[in-house]
Amino acid sequence: MSGFFHVINIVLAVITVYAFVSNLNYFVLMSLGFFVLRTQRTTEGSVERDPLFKSRLMPAISIIAPAHNEELSIAQSTRSMLQLEYPEHEVIIVNDGSNDRTLQLLVDEFHLYKSARQPLHDFATAPVNAVYESQNLKLLVIDKENGGKSDSLNAAINYARTPLVAAVDSDSLLESNSLLLVVRPFLEEESTIAVGGIIRVVNGCKVENGEVTKVGAPRTMLAKFQVVEYLRAFLGGRVALSYMNSMLLISGAFGLFRRESVIEAGGFQAGSLAEDLELVIRLHRISREKKRDYKIVFVPTPVCWTEVPDSRQNLKVQRIRWQRGGVETMWKHRGMLFNPKFGIVGCFGMPYLLLLEILGPCTEVTGILITILGLLFGFISLTSALLFFIGSVLFGTVISISAVLLEEFTTRRYAHPMDLASLIVAAFIENFGYRQINALWRFKGIFDALRRKKKRVWGTMTRRGFAPAADLQSTH
Amino acid sequence: MIGVYVGAVYWVYRASSGASESMARLLPLATALAVVPLVLMTILAVLSMIAKSIRYVARVGAVRISPEIRETLAGVVVGDGDRERLRWLAGHYPRPFEVIFTEFLSSFGGQINSELSVLAEELGLVERWRRATHSRNFLVQKTALANLGRIGHPIDPGFLRHPLEQTRIEAACAALASGLADAPALVFKMLPDQSQLGRILLADSLRPFAPEICERYLADGIRSPDIRRAKASIDLLRAWERWIPITGFSQLVAKRDMDLRLAALPALRFAAAAEQEAAQEIIDLLNLPDERVHAPAAKAAADLGISASIPLLMKQLRQGGPVSALAAAQALAGLGPEGMDLLEKEIVSGERPQYALQALEQSLVAERG
């Protein structure tokens, strides 16, 4: 028995060191992110916006947005996409076999007619029933049988005609200047093939006519925890990874891609639960295999606002789906792991994803279990438990607070001091309960992926839609 | 790395197994790694909240004082304002004052601008901006350069060679705005070394100097053996959409690489001295086997109304890939009744009626407005 306890103690020691190393890694990435953000602060002013907005040399963009049962928000978000400031952009909404009035609402609201428009590419997708176009607006609606998000994105790419395509979620809101900002890396470097913008939490903000007019912290603690998570992921991790050209994820809620590159890569993977992650890894893979000079970039200024789940059940479903998608994608591209042929992506980006993002929940859940059981049955010392607590929880708290401060020192979108205070409090509290539950859900996602449980192609989430300002207004 | 990791695991294991001397070494290390940063972060968080509160109060104050600054400044520039009060406002509310002053500078020209320039000198803003041009904060530097340009203050030409492109561009725009005599020539010379973003911004700033540039530099730029210079000059032409006939334009580009030829296509209608010359270039391109040139060539044929291209467009419609077939159909629809008739026939009896149908539908929708 004592041999077994020795092994358990060694496992806990491994996990404790892992927790320290992974948190140290986050801290280093966040510090790098801080310096990159400080030097890259190139927020465009009105002086620059006007020439870009009226220039004939700007590449045209198609905004592609799949929609499945989005009757609550589709009209408002489509109108918001059409009103974006950009010299030449078209909106392509794909109605993916909705059971509600999504299509009818679009047809009525935008006076659409059945169009003879033909696809210019031939990605295999679920059958397209009809294509609708607006007479006066640059809006195309593809009505197709249900096939999932990737399938809908591929259908939209088939019909897109522009050199750049922006994949967005139809239930998200883009800031009016977001296209002008997200296109900049394509104008600055010809080798840019994909750019991701920052996703921010709309819960707690004031929304008027499809536009966020006042930024505020959410009212519920669950949503605040997610704000901290988003800040940590985007401002910390992605800024630094993008700086090293090894960013593996451009969020499906807002990413701009060179259409040619996506077509060359074979489009979005049908049936994938992490189609965004999978496509970006594939773009890296192809570009590295063909020894091309390429860039996949994250820019922190173009903002896409998204509603995060404010119930535990919805959040659980979302996190399980994300984790499962991550595991499946990692398995598919396992050949790139620690493979020097893929440069920094193979030697740093992929191992980072595997060891910190995919395996993180496993070690965390195991560590918690060992610590609780060990203390109860007396087979681990208090020192071990204390060390695990310091490495995992306290160091985690440092990272969470750093993420909020990083936002405050760089992009500074929350104007009111109370917002900052409430987010710092949330950053502290999230490490005592929320993070552990989250790790459990993600652990279940890994388990589901290993069991190859039947997939659901659309994550279902009960949304409130972009309610009138008063409903969403924060307390101050 | 693996060795360090295994060593750390062993150390943690030994310490947690009760070896008191290891424990004594380990806990301070763990504390250093987690607790000390946590305490520091907490202190930083508290300081940030205090700083944010101060900024918030200052912003609220700025919002309150802004109407008065605006009113007083407007009064002074039109000649009936209280100069002393303005000086007091500039001294006590430097931030909102500078923001409003910059707004005025970018909104007004002529006499008001001259008055603002005098005021900027008088209130010490010029000196502040001059110092700010050397700031390491890009936003501060950019605003300072732009403001100096707006008041016609000379810009150090060294900024046009600054390693940071955005600073170069801002300095170039400021130099143009300041009225420096050889600024257009200097900025035109800068074009080939800038990114597409830089060229777009410079093209816009050079627009007021378009007659001078076209007359003196553009043709030489296009003729230049340096492909980048030729392409940058063609980009200017496309950005301005200005007619500047250049003898032998299409021959000039036809002998060069395909990228330049493609870039020159949309500019043909502005630069080709004779319609015949443009027609020949378009027909040559439509005859090439390289399919990527067919769609832009078809569009150019429609833009210039080259009816001689109709047989080639019909061939492209029937045999080309989806992109070129659709472009050919759209070009035929744009070429008037002759093209329309052919499209109608294609719908009735052709092999690929779908593209013809789409092009006719689009043309009809566009006609109805």
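In this text the structure is predicted, and so the values were computed from the model without any measurement.

Asks: Let's hear about the overall build of chain A: which residues, and what values?
Replies: When helices and strands are counted, chain A shows 17 helices and 12 strands. A globule of 476 residues ought to have a C-alpha radius of gyration of about 23 Å, and chain A, at 23 Å, matches this closely. With the principal axes as the frame, chain A shows a C-alpha extent of 75 × 50 × 45 Å. Sequence separation of at least 24 residues holds for 80% of the intrachain contacts in chain A that already meet a minimum separation of 6.

Asks: Any details on the environment of Ile358(A)? Residues and values, ideally.
Replies: Residue and element names in this part refer to chain A. Position of Ile-358 among the secondary structure elements: in helix α12 (residues 343–358). Assessed through the 20 C-beta atoms surrounding it within 10 Å, Ile-358 is described here as buried. Once the C-alpha coordinates of Ile-358 and Gly-346 are considered, the two residues, 12 residues apart in sequence, prove to be 16 Å apart. Ignoring anything within four residues of it in the chain, the contact list for Ile-358 reads Gly-326, Val-327, Met-330 and Leu-353.

Asks: A description of the domain arrangement of chain B should follow, citing residues and the corresponding values.
Replies: What the domain assignment lists for chain B is domain 1 (57–123) and domain 2 (245–251 + 270–369). Taking only C-alpha atoms into account, the centre of domain 1 of chain B sits 57 Å from that of domain 2 of chain B.

Asks: Mind laying out the interface of chain B and chain A, listing which residues take part and the relevant values?
Replies: With 47 residues of chain B in contact, the opposing surface of chain A contributes 47 residues. For the side of chain B that touches chain A, the elements supplying multiple residues, two or more each, are α1 (2–16), α2 (20–78), α7 (138–150), α10 (196–206), α12 (227–240), α19 (322–334) and α21 (353–368) of chain B. If you tally residues by element for the side of chain B that touches chain A, the top one is α2(B), at 15 residues. Grouping the amino acids of the side of chain B that touches chain A by side-chain chemistry returns 31 nonpolar, 10 polar and six charged.

Asks: Give a description of the domain arrangement of chain A that names residues and reports values.
Replies: Size of an interface: often given as the accessible area lost when the parts come together. Residue and element names in this part refer to chain A. Taken domain by domain, chain A holds domain 1 (1–59 + 190–453) and domain 2 (65–162). Taking the mean C-alpha position of each, domain 1 and domain 2 sit 30 Å from one another. Contacts between domain 1 and domain 2 engage 16 residues on the former and 18 residues on the latter. Among the elements of the structure, α2 (46–54) and α9 (259–265) are those that each provide at least two residues to the side of domain 1 that touches domain 2. Looking at the side of domain 1 that touches domain 2 element by element, the count peaks at three residues for α9. Of the residues that constitute the side of domain 1 that touches domain 2, the class distribution is six nonpolar, six polar and four charged.

Definitions and limits used
Residues numbered from 1 in each chain as written. Chains lettered and ligands numbered in written order. Predicted model: local features only at pLDDT ≥ 70, side-chain atom pairs only at ≥ 80, totals over all residues. Helix = DSSP H or I, 4+ residues; strand = E, 2+ residues; numbered from the N terminus. Rg over C-alpha atoms; globule rule 2.2 N^0.38 Å. Contact = placed C-beta atoms within 7 Å. Buried ≥ 20, exposed ≤ 12 C-beta atoms within 10 Å, placed from the backbone. Domains from an automatic or database assignment. Nonpolar A, V, L, I, M, F, W, Y, C, P; charged D, E, K, R; others polar.

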